[in-house]
Amino acid sequence: MACYFLLVLLILTVSGASVEAHGKLSPNYYSSTCPEVLSIVKERVRVAIKKEARMGASLLRLHFHDCFVNGCDGSLLLDDTATFIGEKTAAPNNNSVRGFYVVDDIKAKVEKACPGVVSCADILAIAARDSTAMLGGPSWEVKLGRRDSTTASRAAANNSIPAPTFNISGLLLSFAAQGLSLEDLVALSGSHTIGLARCTSFRTHIYNDSNIDASFAKSLQRKCPKSGKDNVHQPLDFQTPTSFDNLYYHNLLKMKGLLHSDQELFNGASADCLVEEYAADTSAFFKAFAKSMIKMGDIKPLTGSSGEIRTNCRKVN
């Protein structure tokens, strides 16, 4: 009940930033123009994850980092051009986001089946769902019909994507700016039940923070020194890094969150009760995660005559 009242308060507080409804997005958008798209994406994601289980987390993260920068428009996929610097070298993405070649592979297969029909932004949304489900997580109906942006913004990526050093207040403001609530923040952070993070992302947490299990911090310090070895990777969920489950939340209860921003979700503030709920009930977490992913996928999509359908996800037509 305490969580319910907190959520009502936060929804009232950030209601001005609510996500605009976009009725044109529909799970059946390609049912007549490209009925093969869902099966193509699912098969190529399956192949990619079979080759490297971590790729599921990488594809899920691409969708997240795309949607938080001017909406879910595929802008993250654009390479630099003479007229703009893309988002790939922004601080949250540089030497970090990956899986672009998998998206290229999917796009090539989809273009062969249905030339000029399916957007790169929609491919990211479908691949994120399929990656989650294939690693043991929930599935959901992906709303489709997004078009692709014709530009990108490194500045917007630097400013809009929440950093691993954020406190709970910064995380809430970052999510509220996208029309997302406290519940969305805690549920979507559960994506850290899969994947890896670089030493640079958690170094400050393991050396400077007090809200971390001492033995856990020491074990990480042996792998991530105070300087050097920036590209050493550690699992965001040290127990089951390639299984989409609720152990991420169990780790937070034990003060074993890898990132400062992770542990902020269970640190005596407004998110604590949701962390406890999701740690106790996997189905509650899965239901909330699916709901929040659909909501995130609704952030400012390009529809109608806006944007384009890119032939190559890395460049405008």
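Cut-offs applied
Residues numbered from 1 in each chain as written. Predicted model: local features only at pLDDT ≥ 70, side-chain atom pairs only at ≥ 80, totals over all residues. Heavy atoms only, no water. 1 Å grid on protein atoms, 1.4 Å probe; cavity = no way out; pocket = protein on both sides within 12 Å on 5 of 7 lines; lining within 4 Å. Points joined across faces, edges and corners; volume = space filled by probe spheres on them. Helix = DSSP H or I, 4+ residues; strand = E, 2+ residues; numbered from the N terminus. Nonpolar A, V, L, I, M, F, W, Y, C, P; charged D, E, K, R; others polar. Domains from an automatic or database assignment. Axes fitted to C-alpha atoms, helices over the stretch in contact; angles between N-to-C directions. Parallel < 35°, antiparallel > 145°, perpendicular 65-115°, else oblique. Contact = heavy atoms within 4.5 Å. Expected span 1.5 Å × (residues − 1). Buried < 20%, exposed > 50% of the residue type's maximum accessible area, 1.4 Å probe, protein only. UniProt positions renumbered as here; feature names shortened; annotations may be inferred. Disulfide = S-S within 2.5 Å. Salt bridge = Lys/Arg side-chain N within 4 Å of Asp/Glu carboxyl O. Buried area = accessible area lost by both parts, 1.4 Å probe. Polar contact = N/O pair within 3.5 Å; in protein donor to acceptor, adjacent residues only side chain to side chain.

In this section: the layout of surface pockets. One number sums up the size of the largest pocket: a volume of about 900 Å³. Every element with two or more residues in the lining of the largest pocket is listed here: α3 (55-67), α7 (168-176), α8 (182-189), β1 (196-198), α9 (199-208), α12 (260-263) and α14 (282-296). Tallied by class, the residues present in the lining of the largest pocket amount to 21 nonpolar, 14 polar and five charged. Shared between two domains, the lining of the largest pocket takes at least three residues from each, and those domains are domain 1 (36-161) and domain 2 (168-294).

The next subject is the packing of α3 against α14. Between two packed helices, what matters for the description is the angle formed by their axes and the separation of those axes. Contact geometry for α3 and α14: axes closest at 10 Å, N-to-C directions at 45 degrees. For the element pair α3 / α14, the angle class is oblique. Along the contact surface, α3 presents Leu60, His63, Phe64 and Cys67, while α14 presents Phe289, Met293 and Met296. Considered class by class, the residues forming the contact of α3 with α14 number six nonpolar, one polar and no charged.

Helix length check: α3, at 13 residues, gives a terminal C-alpha distance of 19 Å against a target of 18 Å (1.5 Å per residue), a fit within 8%. Among the 13 residues of α3, 12 are classified as buried, and the element is accordingly described as predominantly covered. Listed in full, the buried residues belonging to α3 are Met55, Gly56, Ala57, Ser58, Leu59, Leu60, Leu62, His63, Phe64, His65, Asp66 and Cys67. Here the buried face of α3 lies against α2 (37-51), α4 (100-113), α5 (120-134), α7 and α14.

Further remarks concern the UniProt feature "domain: Plant heme peroxidase family profile" (unreviewed entry) in the chain. Feature annotation in UniProt places "domain: Plant heme peroxidase family profile" (unreviewed entry) on residues 24-317, given in this structure's numbering. Along residues 24-317 one finds 46% helix and 2% strand; the C-alpha atoms at either end are 23 Å apart.

Evaluated as defined, the whole model comprises four disulfides. A disulfide bridge connects Cys34 with Cys114, and the sulfur atoms are separated by 2.0 Å. When the S-S torsion is 75 degrees, as for the bridge of Cys34 with Cys114, the disulfide is right-handed. Taken together, the residues Cys34 in the loop between α1 (2-13) and α2 and Cys114 in the loop between α4 and α5 connect sequence positions 80 residues apart. For the pair Cys34 and Cys114, a shared accessibility class is recorded, and that class is buried.

In this section: the pattern of salt bridges. For the coordinates displayed, the defined rule picks out 13 salt bridges. In this structure, Asp104 and Arg314 form a salt bridge, with 2.7 Å as the shortest nitrogen-oxygen distance. Residue Asp104 is found in helix α4, and its partner Arg314 is found in the segment after α14; the two are separated by 210 residues along the sequence. Residue classification places Asp104 among the partly exposed residues on the basis of a relative accessible area of 24%. Taking the shortest distance from any N to any O, the salt bridge between Arg203 and Asp230 comes out at 2.9 Å. You can see Arg203 sitting in helix α9 and its partner Asp230 sitting in the loop between α10 (214-221) and β2 (233-235), a full 27 residues away along the chain. Judged by its relative accessible area of 14%, Arg203 is buried. Residue class for Asp230 comes out partly exposed when judged on its relative accessible area of 32%. Linked by salt bridges that have partners in common, Asp79, Lys88, Asp104 and Arg314 make up one network.

Here we take up the domain arrangement of the chain. For the chain, the assigned domains read domain 1 (36-161) and domain 2 (168-294). Put simply, the middle of domain 1 and the middle of domain 2, counted by C-alpha atoms, are 22 Å apart. At the interface, 22 residues of domain 1 touch 18 residues of domain 2. Counting each side, the surface lost to burial between domain 1 and domain 2 is near 1,600 Å², with a carbon and sulfur contribution of 73%. For domain 1, the biggest contributors to the area lost against domain 2 are Arg54, Phe68 and Trp140; these three give 32% of the whole. The interface formed by domain 1 and domain 2 contains zero salt bridges. Run the count over domain 1 and domain 2 and you get three residue pairs in polar contact (both at pLDDT 80 or more).

Following the criterion strictly, the structure yields one cavity of 30 Å³ or more and no others. Contributing to the lining of the largest cavity are His63, Ala125, Trp140, Glu141, Val142, Lys143, Arg146, Met293, Ile294 and Gly297. Class assignment for the residues of the lining of the largest cavity results in five nonpolar, two polar and three charged.

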